Amino acid sequence: DRTQDTYFRQIKLPEPEPEYGEVLVKVQAANISSDDMNETSEAFLIPGRECEGAVISSGGGFLGWTLVGKRVICLAETGTFSQLSIAKVENCFYLNQKVPLGGGLGSLRQLLAIHVID
């Protein structure tokens, strides 16, 4: 029982800028979950929380700078159904170039679960 206002639509936003401890990711692949589909709050602008892409800039910090130019999978702070997304460096994981595009998606939740269990 959705109204037309709850469907996805394209909007133009300013380019996000990473703060200290964050990176800017050029999104190459993203997935969407049922949580994204069920979100109805006004503050929710861009769906998606997981993405695969290339880090194009850092807001500062050693780890952030080491990720610039690298391909990563990440849990993002801003929606991933966009060209650019912000992620905290501790939520980014280096992705080997041999992994095909989109091949890292879906493994992020498993990777985080293993990290928490460890």
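Residues numbered from 1 in each chain as written. Predicted model: local features only at pLDDT ≥ 70, side-chain atom pairs only at ≥ 80, totals over all residues. Heavy atoms only, no water.

1. A few points about the sheet that holds strand E1 (residues 22–30)
Pairing within the closed barrel is antiparallel, and its four strands lie in the order E1-E2-E3-E4. Pairwise comparison of adjacent strand axes, ignoring direction, gives a mean angle of 65 degrees for this sheet. Taken together, the four bridges between strand E3 (residues 71–76) and strand E4 (residues 84–94) define a ladder with antiparallel strand orientation. Note that in E4 the partner of Val72 across the bridge is Tyr94. (Pairing = 2+ DSSP bridges. Helix = DSSP H or I, 4+ residues; strand = E, 2+ residues; numbered from the N terminus. Axes fitted to C-alpha atoms, helices over the stretch in contact; angles between N-to-C directions.)

2. Here's the deal with the nonpolar core
Counting eleven residues, the largest nonpolar core is built from Val23, Val25, Val27, Cys51, Val55, Leu67, Val72, Cys74, Ala87, Val89 and Cys92. Among the elements of the structure, E1, strand E2 (50–58), E3 and E4 are those that each provide at least two residues to this core. Apart from residues lying up to four places away in sequence, Leu67 is in contact with Val55, Val72, Val89 and Cys92. (Core = buried A, V, L, I, M, F, W, Y, C linked by side-chain atoms within 4.5 Å. Buried < 20%, exposed > 50% of the residue type's maximum accessible area, 1.4 Å probe, protein only. Contact = heavy atoms within 4.5 Å.)

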